[in-house]
Amino acid sequence: MAQQGTSDVLDPTPEADFPSDRAPAVEPDGGVTLLAWLARMREERPVWRDGSGNVHVFRHADVQQILADPATFSSDTVGRLSGGEKQSPRGTLLLLDPPLHGKMRRLVSRAFTPGLISGLEPWITELTGQLLDAAPEESFDLVDALANPLPVTVIARMLGVPTEDRDRFQGWADQLLSTDPEDPESVRRMEETAVAITVYLQGFIEARRKEPTGDLLSTLVDAELDGERLEDEDIASFATLLLLAGHITTSVLVGNALLCLDGDPKLLDRVRADLSLVPAVLEETLRLRPPFTRIERVTTTTATLAGTEIGPDTLVHLWLLSANRDERVFEDPDTFRPDRSNSRQAAFGHGIHYCIGAPLARLEGRIALEALLDRYGRIGVDPAARLSWHGTNVFGARHLPLRVQRA
Ligand code: HEM
């Protein structure tokens, strides 16, 4: 076994029985191979360099250490790894470092106050009911019927654009999500999508400049950063970020909750009989099956991780999926136990970039799960279905065919 603090911890050379010099994908087995690999990496190579020279960390303590230290571990992966050639638009909150990050975050926080989010509850409940009313009686795909349209429509409404345009948003979100940064053609398509979103939003931004209506676009149009108004490009990039960060994650959360409950019919009945258990079920779902398998940082200087030195400008993958199953923090980590304390689960990140949409995601997840359990006396994943999965970064099924029976 490799020892921490020695250079071979970072050696990409696979051992004879070590499967590969890169992480296994979630496809085709839904993460079985990936999870076994992560468990082994946590134990044997907690800080590991892959075949491309990027570093991966697997333990909860190391992930937390990195997220708590934005001076050493920058979020500006795009800017730093392009050698300063590219600059992230100011709206891409996720990629900003202090002090700009704090200023932008304070600004957009105005659209995510607890009052504003909880005020959405009646509307989200109604929308959920309408989507389920439109679903076929005995079997349907949860992702197409509910898990996808729900968060896309919520984001459209927050921004203040017509919710009827959600199919267009959905198409853009799919396109952004399928981007492969190593394929120039795919990157070109992503850039085209970003332009299409900016063009679409342009008219709404101009209208809000003339007459603010209290929606998120109005807030952004009106906002000043260091005495300057945000450019249209900044506003569009924030809208794009919301589509990327707030759509697929929430969609996958709803599907993952069903997948977790599907394995335990007694628990499913217990939760249906007492819907106050739903938040705990969602929290344990987020721990066991976090929608983002990993997030990224880049070192600004030489850094030490678990006794290992890493040079500057190194891309670091932080495996949230592994941190959430770290046996050093969670007892019996591979078991779904909604009664455990989940205050340390890392699905929403940690530190200054902690997910700004977490309360909204929890609200949408709760409303969706309550509605499903309330409406259907029997609900389960279609046993005949062959599930297909998202790639490496997202942990969840692309489609989830359900069989249901009304209560
Ligand atoms: C279950 C659902 C969700 C999960 C698992 C999730 C996960 C995350 C994670 C891990 C981060 C931190 C990324 C980093 O540190 O690099 C993050 C940030 C963010 N999320 Fe979420 N997210 C979810 C839902 C949402 C929703 C519904 C929205 C908004 C509509 C949203 C908007 C954002 C934004 C704007 C950031 C950037 C915050 C910052 O950089 O300060 N997310 N999310």
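Before any of the text, the structure's been laid out above.
Cut-offs applied
Residues numbered from 1 in each chain as written. Predicted model: local features only at pLDDT ≥ 70, side-chain atom pairs only at ≥ 80, totals over all residues. Helix = DSSP H or I, 4+ residues; strand = E, 2+ residues; numbered from the N terminus. Rg over C-alpha atoms; globule rule 2.2 N^0.38 Å. Contact = placed C-beta atoms within 7 Å. Core = buried A, V, L, I, M, F, W, Y, C linked by C-beta atoms within 7 Å. Buried ≥ 20, exposed ≤ 12 C-beta atoms within 10 Å, placed from the backbone. Pairing = 2+ DSSP bridges. Axes fitted to C-alpha atoms, helices over the stretch in contact; angles between N-to-C directions. Parallel < 35°, antiparallel > 145°, perpendicular 65-115°, else oblique. Left-handed = near helix turned anticlockwise from the far one by under 90°. Nonpolar A, V, L, I, M, F, W, Y, C, P; charged D, E, K, R; others polar. Expected span 1.5 Å × (residues − 1). Arc of directions from axis to C-beta. Near = placed C-beta within 6 Å.

## Overview of the overall build of the chain
Consideration 1: Regarding its fold elements, the chain presents 17 helices and twelve strands.
Consideration 2: For the chain, whose C-alpha radius of gyration is 21 Å, the value lies close to the compact-globule estimate of 22 Å for 407 residues.
Consideration 3: Oriented by its inertia axes, the alpha-carbon framework of the chain measures out at about 60 × 55 × 40 Å.
Consideration 4: Contacts in the chain between residues at least 24 apart in sequence constitute 68% of all its contacts with a sequence separation of at least 6.

## Considering the nonpolar core
Soluble globular proteins tend to pack their nonpolar side chains together in the buried interior.
Consideration 1: If you look at the biggest cluster of nonpolar residues, it comprises 96 residues, and the most contacted ones within it are Val57, Ile235, Ala239, Ala257, Leu320 and Leu369.
Consideration 2: Looking at this core, the element that brings in the most residues is helix α13 (residues 248–262), giving nine residues.
Consideration 3: Once residues within four sequence positions are removed from consideration, Ala257 is found in contact with Val281, Leu282, Thr285, Gly365 and Leu369.

## Quick look at unusual backbone geometry
Consideration 1: Note that the residue after Glu27, namely Pro28, is joined by a cis bond; omega there is 0 degrees.
Consideration 2: Relative to the helices and strands, Pro28 is located in the segment before α1 (32–44).
Consideration 3: Here the residue pair Pro98 and Pro99 is connected by a cis peptide bond, since its omega of 0 degrees sits within 30 degrees of zero.
Consideration 4: Within the element layout of this structure, Pro99 appears in the loop between α3 (77–81) and α4 (100–109).
Consideration 5: In the Ramachandran plot, Asp226 falls in the positive-phi region, its phi being about 50 degrees despite a non-glycine side chain.
Consideration 6: Summarising the element assignment, Asp226 is placed in the loop between β5 (224–225) and β6 (228–229).
Consideration 7: The backbone phi angle of Asp313 is positive, close to 60 degrees, even though this residue is not glycine.
Consideration 8: Examined against the element boundaries, Asp313 turns out to sit in the loop between β9 (308–310) and β10 (315–319).
Consideration 9: Asp313 sits in the partly exposed class, given 13 other C-beta atoms within 10 Å.

## Looking at the sheet that holds strand β2 (residues 55–57)
Consideration 1: One open sheet accounts for five strands, arranged β1-β2-β10-β7-β3; its pairing is mixed. Only two strands of the sheet have a single partner each, and these edge strands are β1 (47–49) and β3 (73–74).

## Some remarks on the packing of helix α9 (residues 166–177) against helix α10 (residues 184–210)
Helices that pack against each other are described as a pair by the angle of their axes relative to one another and the distance between those axes.
Consideration 1: The contact between α9 and α10 brings their axes to 9 Å, and the two run at 150 degrees. By the angle between their directions, the pair α9 and α10 is classed as roughly antiparallel. For the crossing formed where α9 meets α10, the hand is left-handed. Here Trp172, Gln175 and Leu176 of α9 come into contact with α10, specifically with Arg189, Met190, Thr193, Ala196 and Ile197.
Consideration 2: Taken together, the residues of the contact of α9 with α10 break down into five nonpolar, two polar and one charged.

## Brief notes about α1
Note: α-helices contain 3.6 residues per turn, so residues at a spacing of three or four share the same orientation.
Consideration 1: If you check α1, its first and last C-alpha atoms are 18 Å apart, about what 13 residues at 1.5 Å a residue would give, namely 18 Å.
Consideration 2: Of the positions making up α1, those classed as buried are Leu34, Leu38, Met41 and Arg42. Buried residues of α1, viewed axially, fall in a sector of 100 degrees; they line one side. Set apart from the buried face of α1 by more than 90 degrees, the exposed residues are Val32 and Glu43.
Consideration 3: Where α1 is buried, its residues touch β1, β10 and α16 (320–323).

## Digging into α13
Consideration 1: A rise of 1.5 Å per residue sets the reference length of α13, with its 15 residues, at 21 Å; its end C-alpha atoms lie 21 Å apart and thus fit the reference within 8%.
Consideration 2: In terms of burial, α13 is largely enclosed, as 14 of its 15 residues are buried.

## Remarks on the sheet that holds strand β12 (residues 401–406)
Consideration 1: Here three strands make up an open sheet; going across it, the order is β4-β12-β11 and the pairing antiparallel. Strand pairing shows two members of the sheet lacking a second neighbour, β4 (139–141) and β11 (376–381), which therefore form its edges. Taken pair by pair, the neighbouring strands of this sheet meet at an average axis angle of 25 degrees, ignoring direction.
Consideration 2: For β11 and β12, the ladder comprises five bridges, and the chain directions are antiparallel. Looking across to β12, one finds that Gly380 is bridged to Arg403.

## Quick word on the site of the ligand
Consideration 1: Near the ligand you find 25 residues, and of these Gly246, Thr249, Gly349, Cys355 and Gly357 are the closest.
Consideration 2: Those elements that provide at least two residues to the shell around the ligand are α12 (232–246), α13 and α17 (358–375).
Consideration 3: Here the shell around the ligand gets four residues from one element, more than from any other, and that element is α12.
Consideration 4: Here the shell around the ligand is composed, by residue class, of 17 nonpolar, seven polar and one charged.

## A short note on the pairing of β12
Consideration 1: Pairing analysis gives three bridges linking β4 to β12, with the strands arranged antiparallel. Across the sheet, residue Phe140 finds its bridge partner in β12, namely Leu402.

## A short note on the packing of helix α15 (residues 278–288) against α17
Consideration 1: At a minimum axis distance of 10 Å, the contact between α15 and α17 shows a crossing angle of 120 degrees. Both α15 and α17 take part in a crossing whose hand is right-handed. Between α15 and α17, the contacting residues are Val278, Pro279, Val281 and Leu282 on the first element and Arg362, Gly365, Arg366, Leu369 and Glu370 on the second.
Consideration 2: Of the residues in the contact of α15 with α17, the class split is five nonpolar, one polar and three charged.

## Thoughts on the environment of Ala385
Consideration 1: Positionally, Ala385 belongs in the loop between β11 and β12.
Consideration 2: Remark: the alpha-carbon pair of Ala385 and Leu258, spanning 127 residues in sequence, is separated by 14 Å.

## Examining the environment of Asp144
Consideration 1: Mapped onto the secondary structure, Asp144 falls in helix α7 (residues 142–147).
Consideration 2: C-alpha of Asp144 to C-alpha of Ala61: the two residues are 83 residues apart in sequence and 37 Å apart in space.

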